Amino acid sequence: MRLIAGIDIGNATTEVALAEADGDRLTFLASSTIPTTGIKGTDANIQGIFHALNVALKNGGRQLGDLDLVRINEAAPVIGDV
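Residues numbered from 1 in each chain as written. Predicted model: local features only at pLDDT ≥ 70, side-chain atom pairs only at ≥ 80, totals over all residues. Heavy atoms only, no water.

Asks: Would you explain the pattern of salt bridges in this entry?
Replies: Opposite charge on two side chains permits pairing when their charged atoms draw close. In the structure shown here, the tally under the stated rule is one salt bridge. Notably, a salt bridge pairs E20 with R62, separated by 2.7 Å at the nearest N-O pair. Of this pair, E20 sits in strand β2 (residues 13–22) while R62 sits in the loop between α1 (45–59) and β4 (69–72), and the two are 42 residues apart along the sequence. Residue E20 is classed as buried on the basis of its relative accessible area of 17%. (Salt bridge = Lys/Arg side-chain N within 4 Å of Asp/Glu carboxyl O. Helix = DSSP H or I, 4+ residues; strand = E, 2+ residues; numbered from the N terminus. Buried < 20%, exposed > 50% of the residue type's maximum accessible area, 1.4 Å probe, protein only.)

Written out as structure tokens, the structure reads:
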């Protein structure tokens, strides 16, 4: 089985979903939602990504070293009132 994390960086929150893949079968394990840090799509998001990832891993009883694959959405910068 492989442990996969899907990460969605949004304007207000960053979400992580963890699943185990066994062939074509996915089993959901845990998730987290953390306020997005910095402007979406910039290096400032890295802190929030790791926070959300670590919370989801803890919720799923897993560790960072257990991850086999991480998929991140295409988070193009969104600049509104800046």
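Asks: How should the nonpolar core be read in this particular structure?
Replies: In globular proteins that are soluble, nonpolar side chains generally tend to be buried together. In terms of nonpolar packing, the biggest core is built from 14 residues, with A5, V16, L18, L53, L57 and L67 touching the most fellow members. If you list the elements that add at least two residues to this core, you get β1 (2–9), β2 and α1. When residues of this core are assigned to their parent elements, the largest contribution, five residues, is made by α1. Beyond its immediate stretch of four places on either side in the chain, L18 contacts I4, A5, T27, F28, L29, A30, A56, L57 and L67. (Core = buried A, V, L, I, M, F, W, Y, C linked by side-chain atoms within 4.5 Å. Contact = heavy atoms within 4.5 Å.)

Asks: Whenever I open this one, the sheet that holds β4 confuses me. Can you help?
Replies: Consider a sheet: its strands pair through backbone hydrogen bonds, and that pairing is either parallel or antiparallel. Taken together, the four strands give an open sheet; going across it, the order is β3-β2-β1-β4, and neighbouring strands pair in mixed fashion. What marks the edges here is a single partner per strand, and that holds for β3 (25–35) and β4. The sheet shows a mean angle of 20 degrees between the axes of neighbouring strands, direction not considered. Packed on one face of the sheet, α1 meets β1, β2 and β3 and runs near 130 degrees to β3. (Pairing = 2+ DSSP bridges. Axes fitted to C-alpha atoms, helices over the stretch in contact; angles between N-to-C directions.)

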